[in-house]
Amino acid sequence: AQSVTQLGSHVSVSEGALVLLRCNYSSSVPPYLFWYVQYPNQGLQLLLKYTTGATLVKGINGFEAEFKKSETSFHLTKPSAHMSDAAEYFCAVSTPYSSASKIIFGSGTRLSIRP
Amino acid sequence: ETGVTQTPRHLVMGMTNKKSLKCEQHLGHNAMYWYKQSAKKPLELMFVYNFKEQTENNSVPSRFSPECPNSSHLFLHLHTLQPEDSALYLCASSQGEGGYTFGSGTRLTVV
């Protein structure tokens, strides 16, 4: 069975500071990993994904994440936070080779940006 | 129009009403999903359809009835709902393992 744990339901950083949102996963097979962002009253938008290949993945809006198999982690980072980054972020894992790729979502981390 | 479109964006209904949520995708994806998002709770997968066939029903109460007439359209029929069913209902579609594309959701309030 697969699972995702996001450490910290709420993270607050100052504008211009490093953003680090933590995600650990559990999977019996090599996983596909995702980060999604949700702005208020909107659906989820794909930020980035890891399937195979390079373990450092770059996404939209300056975010990136690194797949670390030994640590079963897929933490999301951004060097310099912007006010527009305030949103809810979801880490997710899916099983490759399934006909309908059921994705398991973490419980989310709300990111606040202080002026 | 591209992407995943959900209508209506907002819905208020009484406990005895019958209403339907609609989802439409123009991406050529073969799988479609309904999720429920409640405050302070993780996203809950409700139903999965793959090539119009329901492949998963996560113990959803029968007052929620999905319908998938073709690979581009997905409905969620609602009847005799409870106040605790108030939530954001999200539709998503996918093709292979590329990840989901979500709609903007329907904010449902049951009074």
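Here goes a summary of the coordinates provided. As the structure is a computational prediction, the values presented were derived from the model and not from experiment.

Another point: the interface of chain B and chain A. With 24 residues of chain B at the interface, the matching set in chain A holds 23 residues. Roughly 1700 Å² of surface becomes buried between chain B and chain A when both sides are summed, with 51% attributable to carbon and sulfur atoms. At the boundary of chain B and chain A, one finds zero salt bridges. The tally of links between chain B and chain A comes to five residue pairs in polar contact (both at pLDDT 80 or more). Within the residue set of the side of chain B that touches chain A, elements represented by two or more residues are strand S4 (31-37), strand S5 (44-50) and strand S9 (87-94) of chain B. Sorting elements by how many residues they give to the side of chain B that touches chain A places S4(B) first, with four residues. Along the lines of polarity and charge, the residues of the side of chain B that touches chain A split into 11 nonpolar, nine polar and four charged.

This part is about the state of the cysteines. Scanning the entire structure with this criterion turns up two disulfides over all chains. What pairs with Cys23(A) in a disulfide is Cys91(A), and their sulfur atoms sit 1.9 Å apart. Torsion about the S-S bond of the Cys23(A) and Cys91(A) cystine: about -65°, corresponding to left-handed handedness. One end of the pair, Cys23(A), is in strand S3 (residues 19-26); the other, Cys91(A), is in strand S9 (residues 87-94), with 68 residues separating them in the sequence. The exposure classification of Cys23(A) matches that of Cys91(A), with both residues buried. Between Cys23(B) and Cys91(B) runs a disulfide, and the two sulfur atoms are separated by 1.9 Å. With the S-S dihedral at roughly -75°, the linkage between Cys23(B) and Cys91(B) falls on the left-handed side. Placement of Cys23(B) in strand S3 (residues 18-25) and of Cys91(B) in strand S9 is noted, with a sequence separation of 68 residues between them. Cys68(B) carries a free sulfur, and the closest cysteine sulfur to it, the one in Cys91(B), is 9.0 Å from it.

Moving on to the sheet that holds S3(A). Residue and element names in this part refer to chain A. The strand order across the open sheet built from five strands is S1-S3-S8-S7-S6, with neighbouring strands paired in antiparallel fashion. The sheet terminates laterally at strand S1 (3-7) and strand S6 (56-58), the two strands that pair on one side only. Strand-to-strand twist in this sheet, taken as the mean axis angle between neighbours without regard to direction, amounts to 20°. For strand S7 (residues 64-68) and strand S8 (residues 73-78), the ladder comprises five bridges, and the chain directions are antiparallel. Paired with Glu66 across the bridge in S8 is His75.

Conventions adopted
- Residues numbered from 1 in each chain as written.
- Chains lettered and ligands numbered in written order.
- Predicted model: local features only at pLDDT ≥ 70, side-chain atom pairs only at ≥ 80, totals over all residues.
- Heavy atoms only, no water.
- Contact = heavy atoms within 4.5 Å.
- Buried area = accessible area lost by both parts, 1.4 Å probe.
- Salt bridge = Lys/Arg side-chain N within 4 Å of Asp/Glu carboxyl O.
- Polar contact = N/O pair within 3.5 Å; in protein donor to acceptor, adjacent residues only side chain to side chain.
- Helix = DSSP H or I, 4+ residues; strand = E, 2+ residues; numbered from the N terminus.
- Nonpolar A, V, L, I, M, F, W, Y, C, P; charged D, E, K, R; others polar.
- Disulfide = S-S within 2.5 Å.
- Buried < 20%, exposed > 50% of the residue type's maximum accessible area, 1.4 Å probe, protein only.
- Pairing = 2+ DSSP bridges.
- Axes fitted to C-alpha atoms, helices over the stretch in contact; angles between N-to-C directions.

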